[in-house]
Amino acid sequence: MKTRITEMFGIKHPIIQGGMHFVGFAEMAAAVSNAGGLGIITGLTQRSPENLAREIARCKEMTSKPFGVNLTFLPSVNPPDYPGYIRVIVEAGIKIVETAGNNPQKWLPALKDAGIKIIHKCTSVRHSLKAETIGCDAVSVDGFECGGHPGEDDVPNFILLPRAADELKIPFVASGGMADGRSLVAALAMGADGMNMGTRFIATKEAPVHENVKQALVAASELDTRLIMRPLRNTERVLKNAAVERLLEKEKALGASIKFEDIFGEVAGVYPKIMKEGEMDAGAWSCGMVAGLTYDIPSVQELIERIMAQADDIIRGRLVRL
Ligand SMILES: Cc1cc2nc3c(=O)[nH]c(=O)nc-3n(C[C@H](O)[C@H](O)[C@H](O)COP(=O)(O)O)c2cc1C
């Protein structure tokens, strides 16, 4: 399948694996790129630019295909060494960066001067248009269903994607709730040039996370995610567990007076415990509603081939017959 996204990124299939904290290691990115999609290493999971340089080098040993790096720009008192991460990305010859979070404008010149294509992840049409205006090459349009941070507008993809298609000139991929060939065909029908998956890629053989995490995704239904940190205007969709229930109780009890410090224990530094140790109640971790469409743990190659075959069947079979 050829779309503006496969052409732009030099990939076989229009399927991207979005940056994921403590999941997007070299093993994950290489598996997706080797299967013909676009794998992405999560920059900030690496504690320093030097560590990111090593992770990129490891990924290059595992694949000769294009892969990208995610840079998430978060509001923070002590920001990470973004210039250092960008220097390492440029020096490593990375040609695709997925930006997310705050407006990446400040960082674009350094990236674009190095010939890097930028795909910015946005949860609204206005932010997508802004990304286009400041010179991003593509957008990942993340609907309300998504795992992680869906923003505060709560617009699901059935509205958000066609709205994005009506406004944008640059290509975009559909993100949030994407799981299979049906997702891909629907995304294309609504004007996207491909899709981005997060949660679904965690339930694969190669995902470098504890088996408990994969089993939790298979066991979960579409009813099992919760929105946390809404009162802090930093909404995150996570899988429900004991820590999330506790956090939501605090939100209810403290109301508008809640501060980040009140829920520190449930959200800060919990990813290694969950993703590496498999302690499923250690804290809140991002998870999309698509858990409900996650029935098995195939290899990444099997998953991507299945998606493409199902998309082909739908287009040439069901749709043509209709
Ligand atoms: C466990 C997990 C961690 C994530 N971490 C990040 C991150 O660090 N930066 C980022 O931009 N997006 C992050 N995301 C969001 C994904 O890149 C992607 O946009 C999202 O998962 C798409 O929705 P889906 O889960 O329904 O496929 C994360 C998602 C998950 C599930």
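This text gives an overview of the structure that appears in the document. Since the structure is predicted, the reported quantities are computational estimates derived from the model, not experimental observations.

## Some details on the layout of surface pockets
Part 1 of the argument: By volume, the second largest pocket amounts to about 340 Å³.
Part 2 of the argument: Forming the boundary of the second largest pocket are 19 residues, of which Glu-145, Phe-158, Gly-177, Met-178 and Leu-293 lie nearest the centre.
Part 3 of the argument: When residues of the lining of the second largest pocket are traced back to their parent elements, those giving at least two are helix H7 (157–167) and helix H8 (181–189).
Part 4 of the argument: In terms of residue count, H8 provides more of the lining of the second largest pocket than any other element does, four residues in total.

## Structural notes on the pairing of strand S3 (residues 67–73)
Part 1 of the argument: Of all the seven residues making up S3, six are buried; the element is thus mostly covered by neighbouring parts of the structure.
Part 2 of the argument: With four bridges joining them, strand S2 (residues 39–42) and S3 adopt parallel strand pairing. Counted as the bridge partner of Gly-39 is Phe-67 from S3.
Part 3 of the argument: Following the chain from S2 across helix H3 (residues 49–62) to the adjacent parallel S3, one finds a crossover that is right-handed.
Part 4 of the argument: With five bridges joining them, S3 and strand S4 (residues 96–101) adopt parallel strand pairing. Paired with Thr-72 across the strands is Ala-100, a residue of S4.
Part 5 of the argument: At this point the chain moves from S3, through helix H4 (residues 82–91), to the parallel S4, and the crossover so formed is right-handed.

## Let's talk about the site of the ligand
Part 1 of the argument: Taken together, the neighbourhood of the ligand is formed by 23 residues, with Gly-19, Lys-121, Gly-177, Gly-198 and Thr-199 sitting nearest.
Part 2 of the argument: Take Lys-121: an N or O atom from its side chain is 2.7 Å from an oxygen atom of the ligand.
Part 3 of the argument: Thr-199 places a side-chain nitrogen or oxygen 2.5 Å from an oxygen atom of the ligand.
Part 4 of the argument: Within the complex, 93% of the 600 Å² of free accessible area of the ligand lies under protein.
Part 5 of the argument: Listing elements by their share of the shell around the ligand, those giving two or more residues are S3, strand S8 (195–197) and helix H9 (199–202).
Part 6 of the argument: Tallied by class, the residues present in the shell around the ligand amount to seven nonpolar, 14 polar and two charged.

## Digging into the pattern of salt bridges
Part 1 of the argument: Scanning the entire structure with this criterion turns up 18 salt bridges.
Part 2 of the argument: In this structure, Glu-27 and Arg-58 form a salt bridge, with 2.8 Å as the shortest nitrogen-oxygen distance. Placement of Glu-27 in helix H2 (residues 26–34) and of Arg-58 in helix H3 is noted, with a sequence separation of 31 residues between them.
Part 3 of the argument: Glu-27 sits in the partly exposed class, given a relative accessible area of 29%.
Part 4 of the argument: Take Arg-58: its relative accessible area is 33%, and that puts it in the partly exposed class.

Procedures and definitions
Residues numbered from 1 in each chain as written. Predicted model: local features only at pLDDT ≥ 70, side-chain atom pairs only at ≥ 80, totals over all residues. Heavy atoms only, no water. 1 Å grid on protein atoms, 1.4 Å probe; cavity = no way out; pocket = protein on both sides within 12 Å on 5 of 7 lines; lining within 4 Å. Points joined across faces, edges and corners; volume = space filled by probe spheres on them. Helix = DSSP H or I, 4+ residues; strand = E, 2+ residues; numbered from the N terminus. Buried < 20%, exposed > 50% of the residue type's maximum accessible area, 1.4 Å probe, protein only. Pairing = 2+ DSSP bridges. Right-handed = clockwise from strand over helix to strand, strands pointing away. Near = heavy atom within 4 Å. Polar contact = N/O pair within 3.5 Å; in protein donor to acceptor, adjacent residues only side chain to side chain. Areas by Shrake-Rupley, 256 points an atom, 1.4 Å probe, with all protein chains shown as cover. Nonpolar A, V, L, I, M, F, W, Y, C, P; charged D, E, K, R; others polar. Salt bridge = Lys/Arg side-chain N within 4 Å of Asp/Glu carboxyl O.

Interpretation note: all reported values are geometric properties and have no functional meaning in isolation.
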